[in-house]
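Overview (structure and organization)
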Amino acid sequence: MGLFSFTQEIAMDLGTANTIIITNGKIVVDEPSVVALDRRTEKMIAVGEKAKLMHEKTHENIRTIRPLRDGVIADFYACEQMMRGLIKQVNTRNHLFSPSLRMVIGVPSGSTEVELRAVRDSAEHAGGRDVYLIFEPMAAAIGIGIDVEAPEGNMIVDIGGGSTEIAVISLGGIVTNKSIRIAGDDLTDDIQEYMRHQHNIKIGERTAEEIKINVGTVYKRPENLTMDVRGRNLVTGLPKTVTVTSEETEEALREPAYQIVDAVHNVLERTPPELAADISDRGIVLTGGGSLIQGLEELIEEKTGINTMTAEDPLTAVAIGTGKYIEYLADDDKKSKNK
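Below you will find a few notes about this structure. (Residues numbered from 1 in each chain as written. Predicted model: local features only at pLDDT ≥ 70, side-chain atom pairs only at ≥ 80, totals over all residues. Heavy atoms only, no water.)

**A few points about the packing of helix H2 (residues 76-88) against helix H3 (residues 113-125)**
For the pair H2 and H3, the least separation of the axes is 9 Å and the interaxial angle reads 45°. With respect to each other, H2 and H3 are oriented oblique. Judged by the twist between their axes, the crossing of H2 over H3 is right-handed. Across the interface between the two elements, Phe-76, Cys-79, Glu-80, Met-83 and Arg-84 from H2 touch Ala-118, Asp-121, Ser-122, Ala-123 and His-125 from H3. When the residues that make up the contact of H2 with H3 are grouped by side-chain class, the tally is five nonpolar, two polar and three charged. (Axes fitted to C-alpha atoms, helices over the stretch in contact; angles between N-to-C directions. Helix = DSSP H or I, 4+ residues; strand = E, 2+ residues; numbered from the N terminus. Parallel < 35°, antiparallel > 145°, perpendicular 65-115°, else oblique. Left-handed = near helix turned anticlockwise from the far one by under 90°. Contact = heavy atoms within 4.5 Å. Nonpolar A, V, L, I, M, F, W, Y, C, P; charged D, E, K, R; others polar.)

**What about the sheet that holds strand E12 (residues 164-170)?**
Pairing within the open sheet is mixed, and its five strands lie in the order E13-E12-E11-E17-E18. Looking at strand neighbours, the two that pair on one side only are strand E13 (173-180) and strand E18 (308-310), the edges of this open sheet. Strand-to-strand twist of the sheet, defined as the mean angle between neighbouring strand axes without regard to direction, takes the value 20°. Where strand E11 (residues 154-159) meets strand E17 (residues 284-287), four bridges bridge the pair, whose relative direction is parallel. Paired with Ile-156 across the strands is Val-285, a residue of E17. Along the sheet, helix H4 (residues 136-143) contacts E11, E12, E13 and E17; its crossing angle with E12, the most-contacted strand, is approximately 65°. (Pairing = 2+ DSSP bridges.)

**Examining the side chain of Ser-246**
Looking at the element boundaries, Ser-246 is found in helix H7 (residues 246-252). A relative accessible area of 2% means that Ser-246 is categorised as buried. Among all residues touching Ser-246, those that are not within four sequence positions of it are Val-215, Thr-217, Arg-221, Glu-223, Asn-224 and Leu-225. (Buried < 20%, exposed > 50% of the residue type's maximum accessible area, 1.4 Å probe, protein only.)

**Description of unusual backbone geometry**
Only a minority of non-glycine residues have a phi that is not negative, and only a minority of peptide bonds are not trans. Even without a glycine there, the phi angle at Glu-42 is positive, about 65°. One can find Glu-42 in the loop between strand E4 (35-38) and strand E5 (44-47). Of note, the phi angle at Asp-70 is positive, near 55°, even though the residue is not glycine. Summarising the element assignment, Asp-70 is placed in the loop between strand E7 (68-69) and strand E8 (72-73). When its relative accessible area of 33% is taken as the criterion, Asp-70 is described as partly exposed.

Below, the structure written as structure tokens:
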């Protein structure tokens, strides 16, 4: 963008766990969806990784907030402040004046009109002049290179931090879909709950996340991995270290994993026969950070009988697709002006 270009185009994957911003086809921001605010003034102290490092470690004058829960905005003000802070990180030094923002934001396909309005309002309050929304499964399909305009059925299962989006896409639209509020955060919560009941130990969200990443599984592993975990003994109140195994995480994560599988099964049942045949041939594609949990491919494949694979870069699929969509809008504008 040059000296006289006053509009900056930003594509944003506003996720429950992470927010990614793309401009000019490049990822320029990839930060945790966390903001730290001063309780007295409500001013932003930190955003992204800096705010996450403060999470669960602050004193009474600072509160850290994850503004999105279950894929939707839970704290409108905090979300606006977080978006402002992350947008400021985008490099705008090539502009003589502050540019107006055209924004495209990925949203859950099961969002209500009220939830969509909340996202749009937050974006506008954060500086967006023109705000467009795209459903996350469609963005994910575009991001991993699927020809969404083709007359072929493709099934995308996008598992984020707060919601799982399952959609069958054909001819540029979503034929059938299901959005459930079961995703990566629920896996983390269930590990915390398991540790509380089985080991009488209270662990933080960050520790549960580490267990999920390092030894977590939803399908029997070839080897039983172990990890030492530190927390607070619920009886004595003193620090305690226990060893957790991957077999235990399989037990802890069984319920949310099967809820995701049931949702996939439900969408397949409602898919027209010709498109179902396409999916049987082409397979099911997993995207989103939650798809990285060990064993999910195998579990879905076992329960549906359909080949299931994880996208090459599942964490950025929605963001990349959102970035491609904003390029499409820009090209469309140019064509309109040339007519």
